[in-house]
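Structural features, examined
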Amino acid sequence: GDSVTQMEGPVTLSEEAFLTINCTYTATGYPSLFWYVQYPGEGLQLLLKATKADDKGSNKGFEATYRKETTSFHLEKGSVQVSDSAVYFCALSGAGKLIFGQGTTLQVKP
Amino acid sequence: SAVISQKPSRDICQRGTSLTIQCQVDSQVTMMFWYRQQPGQSLTLIATANQGSEATYESGFVIDKFPISRPNLTFSTLTVSNLSPEDSSIYLCSVEGPRGSYEQYFGPGTRLTVT
């Protein structure tokens with residue numbers, strides 16, 4: 001069945017460092033891909049999405065490109081801030097549902 | 001995007017009791033979803049609730065343990081029955097985004113601790 005695999009965390013970075021969180025997927029068909037963010041004590045917020053191959057989703061300085069050839073949707077940000085500390089979930093749409101990766105915790109230190 | 005609220009935000013319950021979680025949306029939606037997030041884990045879909053029909057449960061979840069009501073297009077409840085410590089989790093409801101987008105918008109979650 002469809003699945004999503006994310007790099008294990010936690011990822012610890014200093015402020016202004018470059019961020020990459022890897023995400024790969026397995027799916028039949030052509031799913032939409034998403035990144036959600038969960039700040040401490042809160043629900044999930046949609047961060048960005050891409051609906052077809054080579055689409056780039058972007059929001060709040062974060063970017064991810066839908067790569068069909070490598071079945072990947074890696075999340076990147078050029079300069080992280082302490083306020084970016086959260087858990088990041090990669091997800092795909094499959095059979096009308098969202099399928100989530102295991103989540104990656106990002107800790108940004110001043 | 002829709003604004004979703006959940007009640008209660010957290011609760012501590014005794015083993016063997018039940019907890020009912022409410023989910024309220026500020027606009028009418030066809031599909032609502034209930035998820036469980038066990039400590040340090042990802043989200044697992046419990047069931048999909050459409051107004052006017054029985055909820056559709058995912059493998060491993062049954063109606064007797066997780067009864068769901070969906071009386072109208074803005075409201076749903078999830079009951080977690082016969083609680084055990086293994087039910088300690090965050091329970092989240094979500095709603096579908098714009099038709100065809102496959103997006104979902106999430107409530108803040110209900111943190112349940114079973115003692």
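For the structure, see preceding data.
Figured I'd write up the structure that's included with this text. (Residues numbered from 1 in each chain as written. Chains lettered and ligands numbered in written order. Predicted model: local features only at pLDDT ≥ 70, side-chain atom pairs only at ≥ 80, totals over all residues. Heavy atoms only, no water.)

Residues and elements named next belong to chain A. With respect to the secondary-structure elements, Thr104 resides in strand E12 (residues 104-109). Classification of Thr104 by relative accessible area gives buried; the value is 0%. Side-chain polar atoms of Thr104 contact the side chain of Gln6, separated by 3.0 Å. A polar contact of 2.7 Å, which involves the side chain of Thr104, links it to the backbone oxygen of Met7. When near neighbours in sequence (up to four residues on either side) are disregarded, Thr104 contacts Gln6, Met7, Gly9, Val11, Ile21, Ala86, Val87 and Tyr88. (Helix = DSSP H or I, 4+ residues; strand = E, 2+ residues; numbered from the N terminus. Buried < 20%, exposed > 50% of the residue type's maximum accessible area, 1.4 Å probe, protein only. Polar contact = N/O pair within 3.5 Å; in protein donor to acceptor, adjacent residues only side chain to side chain. Contact = heavy atoms within 4.5 Å.)

Once that is clear, we can look at the interface of chain B and chain A. Contacts between the two partners involve 16 residues from chain B and, on the opposite side, 18 residues from chain A. Where chain B meets chain A, there are 2 salt bridges. Ionic pairing is found between Glu103 of chain B and Lys49 of chain A, a salt bridge with its closest N-O pair at 2.6 Å. Every element with two or more residues in the side of chain B that touches chain A is listed here: strand E4 (31-37), strand E5 (43-50) and strand E10 (104-106) of chain B. The greatest single-element share of the side of chain B that touches chain A, amounting to 3 residues, is contributed by E4 of chain B. (Salt bridge = Lys/Arg side-chain N within 4 Å of Asp/Glu carboxyl O.)

Here we come to the state of the cysteines. Summed over all chains, the structure comprises 2 disulfides over all chains. The disulfide partner of Cys23 of chain A is Cys90 of chain A, and the gap between their sulfur atoms is 2.0 Å. For the disulfide bridge between Cys23 of chain A and Cys90 of chain A, the dihedral angle about the S-S bond is near -70°, and by the sign convention the bridge is left-handed. Note that Cys23 of chain A is positioned in strand E4 (residues 23-26) and Cys90 of chain A in strand E10 (residues 86-94), a separation of 67 residues in sequence. You can call Cys23 of chain A buried: its relative accessible area is 1%. Between the sulfur atoms of Cys23 of chain B and its disulfide mate Cys93 of chain B the distance is 2.0 Å. (Disulfide = S-S within 2.5 Å.)

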